[in-house]
Amino acid sequence: MDIKAKVSNEELLALTKKAFDNDEVTEFLCGEKGYACPLDRFVPANVPTDFGRIVNLGVCRLYTETQNEEIVERFKKAVLSLLNGNAVQIWVAYSVCWNLMYKRIHNKPTIVISDNNFWETVRSSVQKNEDKLRLCKEWQGFNLENGLWEDIKRMDKNLTADGEGIL
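Residues numbered from 1 in each chain as written. Predicted model: local features only at pLDDT ≥ 70, side-chain atom pairs only at ≥ 80, totals over all residues. Heavy atoms only, no water.

**Student:** Is there a simple way to explain the overall build of the protein in this structure?
**Tutor:** Helix and strand counts for the protein stand at eight helices and zero strands. Beginning at the N terminus, the succession of helices and strands in the protein can be written as α-α-α-α-α-α-α-α. Here the C-alpha coordinates of the protein stretch approximately 40 × 35 × 30 Å along the principal axes. Burial analysis of the protein (167 residues in total) assigns 47% to the buried set. Accessible area for the protein stands at about 8,800 Å²; split by element, carbon and sulfur atoms hold 48% of it. Here the protein contributes 22 positive and 25 negative side-chain charges, whose respective centroids are spaced 2 Å apart. (Helix = DSSP H or I, 4+ residues; strand = E, 2+ residues; numbered from the N terminus. Buried < 20%, exposed > 50% of the residue type's maximum accessible area, 1.4 Å probe, protein only. Areas by Shrake-Rupley, 256 points an atom, 1.4 Å probe, with all protein chains shown as cover. Lys, Arg positive; Asp, Glu negative; His and termini not counted. Charge placed at Lys NZ, Arg CZ, Asp CG, Glu CD.)

**Student:** Whenever I open this one, the environment of L57 confuses me. Can you help?
**Tutor:** By the element assignment, L57 lies in helix 3 (residues 51–66). The exposure class of L57 is partly exposed, given its relative accessible area of 33%. Between the C-alpha atom of L57 and that of T160, which follows or precedes it by 103 residues, the distance is 25 Å. In contact with L57, other than residues within four places in its own chain, are N9, L12 and G52. (Contact = heavy atoms within 4.5 Å.)

**Student:** Help me understand the packing of helix 1 (residues 9–21) against helix 3 in this model?
**Tutor:** Working note: a packed helix pair is described by the angle between its axes plus the distance between those axes. At a minimum axis distance of 9 Å, the contact between helix 1 and helix 3 shows a crossing angle of 70°. In terms of orientation, helix 1 and helix 3 fall into the roughly perpendicular class. Taken together, the residues of helix 3 that come into contact with helix 1 (itself represented by N9, E10, L12, L13, T16, K17 and F20) are R53, I54, L57, G58, V59, R61, L62 and E65. Each residue belonging to the contact of helix 1 with helix 3 can be placed in one class, and the counts come to seven nonpolar, three polar and five charged. (Axes fitted to C-alpha atoms, helices over the stretch in contact; angles between N-to-C directions. Parallel < 35°, antiparallel > 145°, perpendicular 65-115°, else oblique. Nonpolar A, V, L, I, M, F, W, Y, C, P; charged D, E, K, R; others polar.)

**Student:** What exactly am I supposed to notice about the pattern of salt bridges here?
**Tutor:** It is possible for side chains of opposite charge to pair when their charged atoms get near one another. With the rule as written, the count across this model stands at ten salt bridges. Note that R61 is salt-bridged to E10, the shortest N-O span being 2.7 Å. With R61 in helix 3 and E10 in helix 1, the pair connects residues that are 51 residues apart, well separated along the chain. Look at R61 and you get partly exposed, because its relative accessible area is 22%. Ionic contacts of the salt-bridge type, sharing partners, join the residues E10, R61 and E65 into one network. (Salt bridge = Lys/Arg side-chain N within 4 Å of Asp/Glu carboxyl O.)

**Student:** Looking at this structure, how should I read the packing of helix 3 against helix 5 (residues 87–105)?
**Tutor:** Running from N to C, helix 3 and helix 5 cross one another at 55°; their axes reach a closest spacing of 9 Å. With respect to helix 5, the element helix 3 is oriented oblique. Crossing handedness for the pair helix 3 and helix 5: right-handed. Only W91, V92, S95, V96, N99, L100 and K103 of helix 5 make contact with helix 3, whose side of the interface consists of F51, G52, I54, V55 and N56. Partitioning the contact of helix 3 with helix 5 into residue classes produces seven nonpolar, four polar and one charged. (Left-handed = near helix turned anticlockwise from the far one by under 90°.)

**Student:** Explain the nonpolar core to me, please; I cannot follow it from the model alone.
**Tutor:** Soluble globular proteins tend to pack their nonpolar side chains together in the buried interior. Counting 54 residues, the largest nonpolar core has L29, F75, V79 and W91 as the members making the most contacts within it. Contributions of two or more residues to this core are made by helix 1, helix 2 (25–30), helix 3, helix 4 (69–82), helix 5, helix 6 (116–128) and helix 8 (147–161). The dominant element in this core, judged by the number of residues it contributes, is helix 5, at 13 residues. (Core = buried A, V, L, I, M, F, W, Y, C linked by side-chain atoms within 4.5 Å.)

Here it is as structure tokens:
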């Protein structure tokens, strides 16, 4: 499959199953090792994979179809692993979490993580790595004075406008 080609919902579900079966959830969330799900060509964003689709039409759909709690636990484990990585990995972790919260706030189907320790770890890890995120000019941080940190603050402001944020 051409990396630039749009991934159908069925192909995305198959990629999601493959990632969970092969214990490559972290790579799936980052769009690595053949797991990229490109954005629609009309979406003006520079991201390695379509976070909204992989979370909601991949992970959430897999969980909904299987009702396997291990899906949520392995998703959380992958996010927590990314939070210990480089600036891009921390930004990916924040971005997938942002998607969960945005969907929940807007009463859209998604997996719900009620684990306060998980959310506190996401918040504190992102804040603790502010300097590293400010220096990273990759992906959405390209052309931003404060790199990926500025993109995270922009996304969090959107959540805050809806009544809550991650940070």
